[in-house]
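# Residue-level structural notes
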Amino acid sequence: MTKVQNRRLEAKKYNFRKPNPTTHKVQINVHETKKIDSHETEVDRLSNLPDDIIRRILSLVDTRSAVKTCLLSKQWEHYWTEIESIQFDYKTFSDWRDYAKYIRRVLRGRKPFRLRSLTYNCSGRKDKFLVSRIFNYARKHNVEVLETDVSAFSPRLYECKTLKTLILGPNYNIGNSPNPFGFESITTLQLVGVWLSYVDYKYDLFSSCLNLKNLILVNCQMYLLHSFNICAPELVKLNISNDRNYGNRNLVISAPKLKFFDFNGRYPLVLRSDECLSLEIVNIQFLLPPFDSLEKYNLKQPYISGLIAMAEGFNRAKSVTISFNFSKVS
């Protein structure tokens, strides 16, 4: 046998061209183990959290996104049904029927857990039956915080004893509706862009809020209204933020337990707070309009007089701070 034949026989016997199966298998196992470990680590960071934490996280995002988490895995199918906060916003939908259908499916699918907060915005669209269903659901599940822009409540919602915070607006028109805030249990009321223009001065809007401690008025419309009364026996903190010119509108505050008053706006109000015997801290911040515009319309002197009159309205307060922010000249 020749030397060449011997070399071919040895090569065939040992098969040097074939990869070592043991070495190749070990390399594959190491690579796959790293990939699996990385994958398991990512999943465990979420799925291994306590259920209460997961529900809390989903309650902080919009409900539509929370519902979509049911597609992640079987373990996540039920989490959205146990969230403590529900947010319905019409702006995220292009069709009202789809929006209404989505709301009904969420209310049917959610488990009967306690409802901490509910937000329902309809952007002026009226649907009496849908609103009634939403508010009845909120009442039955002991809602604590309600935010909405609807113009009327279902009568049974006033029976809710767990509601503590009510946020209304924008474009909510009170008109001359008797007892518009007839919730005895609320402690915080926030009105954002609410129309107060046509409220009769004889109406006491907050008289039925027997436990109201915190009142917030943001950009509320007070045109055609000469005087606006705030009468709340338990009110402790009043916050008014507005950049509109109210002229000589009178704000009459009757709150014997009022301690803190914050005002942030462009134009002063004529205040009467003779019955605020417990007033401690008053903080007034003005964003002054361009003085050239005040001079142009002969408003400079009335504006200064208004500032002085507003400060004098709190002559009983222990501490009064007035600050000015100057806007750029137009």
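Details of the structure are given in the entry above.
Just so you know, these numbers come straight off a predicted model, no measurement behind them. (Residues numbered from 1 in each chain as written. Predicted model: local features only at pLDDT ≥ 70, side-chain atom pairs only at ≥ 80, totals over all residues. Heavy atoms only, no water.)

### Focus: the overall build of the protein
Rules: Helix and strand labels come from DSSP, where a helix needs a run of H or I of at least four residues and a strand needs a run of E of at least two; each type is numbered from the N terminus. Burial here depends on accessible area, computed with a 1.4 Å probe over protein chains only, as a share of the maximum for the residue type. Under 20% is buried, over 50% is exposed, and the range in between is partly exposed. Contacts are assigned to residue pairs that have any heavy atoms within 4.5 Å of one another. Surface accessibility in these figures is a Shrake-Rupley result with a 1.4 Å probe; residues are shielded only by whichever protein chains are displayed.
Along its length, the protein carries 8 helices and 13 strands. Taking all 330 residues of the protein together, 39% fall into the buried category. Within the protein, residue pairs in contact and separated by at least 24 positions form 51% of the contacts whose partners lie at least 6 positions apart. Of the roughly 19,800 Å² that the protein leaves accessible, carbon and sulfur atoms contribute 53%.

### Section: the pattern of salt bridges
Our working rule: By definition here, a salt bridge exists when the distance from a side-chain nitrogen of Lys or Arg to a carboxyl oxygen of Asp or Glu is within 4 Å.
According to the stated counting rule, one finds 6 salt bridges in the structure shown. Two residues, arginine 116 and glutamate 84, come together in a salt bridge whose shortest N-O distance is 3.8 Å. Remark: glutamate 84 occurs in the loop between helix H4 (63–68) and strand E1 (85–89) and arginine 116 occurs in the loop between helix H5 (96–109) and strand E2 (117–121); sequence separation between them is 32 residues. Residue aspartate 95 pairs with arginine 97 through a salt bridge whose shortest N-O separation is 3.7 Å.

### Some words on the environment of threonine 187
Inspection of the secondary structure assignment puts threonine 187 in the loop between strand E4 (165–168) and strand E5 (188–192). Between the C-alpha atoms of threonine 187 and leucine 166, which are 21 residues apart in sequence, the distance is 8.5 Å. Here threonine 187 is in contact with Lys164, Asn211, Leu212, Lys213 and Asn214, once residues within four sequence places are set aside.

### A look at the packing of aromatic side chains
So the rule is basically this: When the centres of two rings from Phe, Tyr and Trp lie within 6.5 Å, Trp using its six-membered ring, the rings pair. Their planes under 30 degrees apart give stacked, over 60 give edge-to-face, and anything left gives tilted.
Inspection of every chain in the model, using the stated rule, returns 14 aromatic pairs. Here the aromatic rings of tyrosine 99 and tyrosine 120 are separated by 6.4 Å at their centres, their planes lie at 5 degrees, and the arrangement is stacked. You can see tyrosine 99 sitting in helix H5 and its partner tyrosine 120 sitting in strand E2, a full 21 residues away along the chain. For the pair tyrosine 99 and tyrosine 120, a shared accessibility class is recorded, and that class is buried. Pairing phenylalanine 135 with phenylalanine 153 gives two aromatic rings, centres 5.8 Å apart and planes at 50 degrees, and the pair type is tilted. With a gap of 18 residues between them, phenylalanine 135 in helix H6 (residues 128–140) and phenylalanine 153 in the loop between strand E3 (145–148) and E4 connect regions that are remote in the sequence.

### Considering H5
Rules: Helices are assigned an expected span. That span is 1.5 Å times one less than the residue count. Note that the arc is computed from the directions linking the helix axis to the C-beta atoms. The definition of a polar contact used here is a pair of N or O atoms within 3.5 Å, where within protein one atom must be able to donate a hydrogen and the other to accept one, and adjacent residues in sequence count solely through side-chain atom pairs.
Taking 1.5 Å per residue as the helical rise, H5 with its 14 residues ought to reach 20 Å, and the 20 Å between its terminal C-alpha atoms agrees with that figure. Those residues of H5 that sit buried are Trp96, Tyr99, Ala100, Tyr102, Ile103, Val106 and Leu107. Relative to the axis of H5, the buried residues are bounded by an arc of 160 degrees and lie together on one face. H5 presents Arg97, Arg105 and Arg108 as exposed residues on the side facing more than 90 degrees away from its buried surface. Turning to H5, the residues buried within the fold contact H4, E1, E2 and H6. The N-terminus of H5 is capped by aspartate 95, whose side-chain oxygen sits 3.0 Å from the backbone nitrogen of arginine 97.

Shape is all these values report; function is a separate question.
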